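A closer look at the structure
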Amino acid sequence: MNIQHRVMGWTKRAMSIGLLAAATVLGVQFGMSAPAVSPVSPAAIAATFATAPDSSAAVPNSSVAAPDNPVTAPVPRPRPGGGHEHGHGHG
Amino acid sequence: MVTSMGMAMGSNSFTPTTLRPEAPHHRRLRQNSGTLRPAALLALIVAGALAALLLVMRAAPRPLQLDVPLIAHTMGMLAGYGVTIMLVLMSRAPAIERGVGADRLARWHAVGGRAIFSLIAAHAVAATQVWVQASQRSILVALLRLMGLPGLLTATIGTLLLFGVGIVSARAVRHKLSYERWHAVYLATYVAVALAFSHQLAGPDLAGLRAVQIGWSLLYTYAFFLALRYRLLAPVQQAFRHRLRVDQVIPEADGVVSVVIRGRYLHELEAESGQFFRWRFLAARTWMSAHPFSLSAPPQDDSLQITVKALGEGSRRLQALRPGTPILAEGPYGAMTALAARNPPCC
């Protein structure tokens, strides 16, 4: 009976340790994959609406046009005369 | 649950059918049980709440102003923290159940639950107001845009679920529902808490602090771990190990029966007189609900006994239990023991 009791005790401990390890791994993974910049911080909220000229154009700050973002950077319009945007043309 | 516990405690006044002295190794084994006293648990809870407040203060703009954004952050952080405390209090972890006592835990849960509903409501109203003010659009347009932010839609669904559970748990509504129906709704709490989790990690008080985000995530996963371990796996484990079954149903008085339960290796449960189990009798009409009943006779190596008075629908059904009915039991719980009487908790 003592041996059985010990085996049962170790089974319980093993189950607890296994679950605890799984909870630890999950917790660390959730924490590591959490966003570094909050989408609901006061600065983010202000940025979201500051870039929107009207209500229909207001977009979440995650897709706000940014000059250094190749996906959302504003596309330069061609000049009527066919000149280059940065002005260092052919002279 | 309160009704059932009252019934169980009342059952001690009945004459037990088989009164034998407690097996000596029950007393020996329980000396090793680690418990958490109420004062120690309260101190831990308060320390955690202060840490959450410190995080809010750290992220708040200087000089500190008690404005709407600060209220929104404070309420949100305290609500997010408090939800995990509620999960832990109701996890049925033996160290907490034995040290604090199920009745006290239930009271703390009731008070804490109401406080958390208030905190969540205050957070939602204040945060929405900040968002609407910043957007300078109509509330409808601002809310639609708000729902598009990461984690906000799930958090809103979680909040609505939580308020649904709160409404169903209110005294006026609760007594109109059967325990089984109420409990089915109550389980939605776990879904609600999980849905709101990602919104918390993206909150401005945690975002950017990797170690704190990991710590906050661990708080949640450990709370769910405790509930899974002790609410779900422990009864199944006990069922396989102890193979509890109804042995006899003995009428004691009109509407009162003693149920003698047979099993094996029952000394491993370390049950004491004065403690209770949550019993789920696996018969057609009783399997859906677990009822708390105190032991009405000193526990033996091969048998336990409870005495049940027919006070409600569930306890009435137990009067007709048949010998051989298998049982899932959670426990033992409760701090009303001779050992606790000799060493009373400080509060």
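For clarity, every value in this text was computed on a predicted model and none was experimentally measured.

Definitions and limits used
Residues numbered from 1 in each chain as written. Chains lettered and ligands numbered in written order. Predicted model: local features only at pLDDT ≥ 70, side-chain atom pairs only at ≥ 80, totals over all residues. pLDDT = per-residue confidence, 0-100. Helix = DSSP H or I, 4+ residues; strand = E, 2+ residues; numbered from the N terminus. Contact = placed C-beta atoms within 7 Å. Pairing = 2+ DSSP bridges. Axes fitted to C-alpha atoms, helices over the stretch in contact; angles between N-to-C directions. Nonpolar A, V, L, I, M, F, W, Y, C, P; charged D, E, K, R; others polar.

Turning next to the confidence of the model for chain B. Residues and elements named next belong to chain B. Summing up the model confidence of chain B, the mean pLDDT is 84 and the portion of residues at 70 or higher is 87%. When pLDDT is averaged over each element of chain B, strand β2 (residues 256-262) comes out on top at 95 and helix α1 (residues 2-10) at the bottom at 38. Confidence drops under pLDDT 50 across residues 1-19; counting only partners more than four residues distant or on other chains, this segment forms 39 contacts. Every residue in residues 25-32 is under pLDDT 50, and counting partners more than four places away or in other chains gives twelve contacts. Here the predicted complex scores 0.75 on pTM and 0.75 on ipTM.

On to the sheet that holds strand β6 (residues 327-333) of chain B, then. All names here are of chain B. Taken in spatial order, the three strands of this open sheet run β4-β3-β6, and their pairing is antiparallel. Strands at the two margins of the open sheet, each flanked by one partner only, are β4 (291-294) and β6. Strand-to-strand twist across the sheet, computed as the mean angle between neighbouring axes with direction ignored, equals 30 degrees. Of the pairings in the sheet, the one linking strand β3 (residues 276-281) to β4 comprises four bridges and is antiparallel in character. For F276, the partnering residue across the bridge sits in β4 and is S294.

What follows concerns the interface of chain A and chain B. Accessible area lost when the parts come together is the quantity often used to give the size of an interface. Contact residues are listed per partner, giving 29 residues for chain A and 31 residues for chain B. Counting residues per element, the ones that place at least two in the side of chain A that touches chain B are α1 (2-32) and α2 (42-50) of chain A. Sorting elements by how many residues they give to the side of chain A that touches chain B places α1(A) first, with 14 residues. Grouping the amino acids of the side of chain A that touches chain B by side-chain chemistry returns 21 nonpolar, eight polar and no charged.

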